[in-house]
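# Coordinates in review
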Amino acid sequence: MHTKILGTGGYLPSKVRTNADLERMVETSDQWIMERTGISERRVAAPGETTATMGAIAARAALESSGLAPQDIDAVLVATTSSSCAYPSTACEIARELGIANAAAMDLAAACAGFSYAYATAHAMIVAGQARHVLIVGVDICSRICNPHDRTTIILFGDGAGACVLAASDEPGTLAVRLSSDPTCGDLLRLPNPARDEPPSEDNYLLMRGSEVFKHAVVILSRLVDETLAAGGLAPSELDFLVPHQANLRIISATARRLGLDMSQVIVTIGKQGNTSSASVPLALDEGVRSGRIKRGMNILLESFGGGLTWGSALIRF
């Protein structure tokens with residue numbers, strides 16, 4: 001049994017937060033942000049938007065792209081760390097919104113690597129015969145977990161949702177998946193859950209030791225792409241596109257150089273979207289597909305890195 005992506009979808013909120021906006025919020029500048037991150041804009045969810053409402057829009061687009069009906073979906077997996085409720089899960093809320101009944105539904109938490117974890121889980125479910133069609137969603141509202149006075153985080157993160165439908169296939173589509181973690185580095189990137197009797201506090205926002213996270217990401221992702229290609233039996237020269245987690249343009253460029261790829265072979269969305277956490281990889285994938293750059297039969301490498309520390313990848317023949 002093999003697995004193959006049938007369709008993709010994405011959603012970005014309408015509100016744009018520019019570097020000029022951030023100059024009025026924290027001590028920073030457009031030049032400083034661009035030189036260190038490559039980000040000029042990011043999207044911000046409206047007050048009434050949730051991970052469920054945003055994820056449902058991306059999921060519906062992916063479902064329509066796949067040609068399947070809601071009743072064809074056997075499982076809904078959602079990667080998020082910013083859901084409104086512990087339960088019902090965002091996955092259950094999305095299933096309800098789309099009219100998906102009698103399907104397994106659950107959320108997965110692996111920070112920015114969440115979509116990789118959800119994809120690997122969906123792949124395993126299909127290979128094990130527990131499902132034939134799995135809807136995978138990555139969605140996060142990062143603007144609400146960032147301290148608006150902390151320039152190390154507020155400049156990086158944006159909100160969004162991306163999705164894909166993974167299905168059983170007679171032909172190889174998912175060539176290799178890799179997941180791993182280093183829990184000894186958990187304090188480098190941390191988001192506490194506040195106690196119910198505690199008032200709002202700056203200690204409850206996302207905490208990041210940026211320079212150390214950057215160093216770990218470059219080393220780990222370099223090793224990850226080598227391991228994934230080897231597991232899938234492909235040489236770097238056989239890769240058509242890299243679809244990376246959109247955390248920092250310098251990290252993306254370093255990974256591309258490691259693979260010997262020209263930047264024209266890399267899907268880059270960070271400039272206008274920022275880091276959308278678990279949504280960044282599926283959003284970039286959807287952008288590549290809908291722009292016509294990613295076509296059927298191409299070899300695609302998805303990779304991501306996040307808090308935990310966690311990381312994961314999928315080598316795909318699209």
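Residues numbered from 1 in each chain as written. Predicted model: local features only at pLDDT ≥ 70, side-chain atom pairs only at ≥ 80, totals over all residues. Heavy atoms only, no water.

The next point concerns the layout of surface pockets. By volume, the second largest pocket amounts to about 500 Å³. Forming the boundary of the second largest pocket are 25 residues, of which L156, M208, G210, F214 and N248 lie nearest the centre. Elements represented by at least two residues in the lining of the second largest pocket include exactly α2 (30-37), α6 (151-154), α7 (210-232), α8 (249-259) and β12 (299-306). Sorting elements by how many residues they give to the lining of the second largest pocket places α7 first, with six residues. A breakdown of the residues in the lining of the second largest pocket according to their chemical character gives 14 nonpolar, eight polar and three charged. (1 Å grid on protein atoms, 1.4 Å probe; cavity = no way out; pocket = protein on both sides within 12 Å on 5 of 7 lines; lining within 4 Å. Points joined across faces, edges and corners; volume = space filled by probe spheres on them. Helix = DSSP H or I, 4+ residues; strand = E, 2+ residues; numbered from the N terminus. Nonpolar A, V, L, I, M, F, W, Y, C, P; charged D, E, K, R; others polar.)

Overall, the coordinates contain nine salt bridges when judged by the stated rule. With a closest N to O distance of 3.7 Å, E97 and R60 form a salt bridge. Here E97 is found in helix α4 (residues 90-98), whereas its partner R60 is found in helix α3 (residues 51-66), with 37 residues between them in sequence. By relative accessible area, E97 is classed as exposed at 51%. (Salt bridge = Lys/Arg side-chain N within 4 Å of Asp/Glu carboxyl O. Buried < 20%, exposed > 50% of the residue type's maximum accessible area, 1.4 Å probe, protein only.)

Here we come to the sheet that holds strand β8 (residues 174-181). One open sheet holds the four strands; their spatial order is β8-β13-β12-β11, and the pairing between them is mixed. For this open sheet the edge positions go to β8 and β11 (241-244), each flanked by a neighbour on one side alone. With strand direction ignored, the average angle separating the axes of adjacent strands in the sheet is 10 degrees. As judged from the four bridges shared by β11 and β12, these two strands associate in the parallel manner. Opposite P244, over in β12, you have E303 as the bridge partner. Its contacts with the sheet put helix α5 (residues 114-127) on β8, β12 and β13 (310-317), and the angle it makes with β8 is roughly 130 degrees. (Pairing = 2+ DSSP bridges. Axes fitted to C-alpha atoms, helices over the stretch in contact; angles between N-to-C directions. Contact = heavy atoms within 4.5 Å.)

Our focus in this paragraph is the environment of I94. Within the element layout of this structure, I94 appears in helix α4. Overall, I94 belongs to the buried group, its relative accessible area being 0%. The sequence separation of I94 and K272 amounts to 178 residues, and the corresponding C-alpha distance is 26 Å. Among residues more than four places away in sequence, those in contact with I94 are T51, A52, G55, A56, A59, V78 and V137.

For the rest of this paragraph, the subject is the pairing of strand β7 (residues 159-169). In the case of a regular strand, side chains alternate between the two sheet surfaces. Buried residues dominate β7, accounting for eleven of its eleven residues. Sheet topology note: the strand β1 (residues 2-11)/β7 ladder contains nine bridges and is antiparallel. Its bridge partner being in β7, T8 is matched across the sheet by C164. Of the pairings in the sheet, the one linking strand β6 (residues 133-141) to β7 comprises nine bridges and is antiparallel in character.

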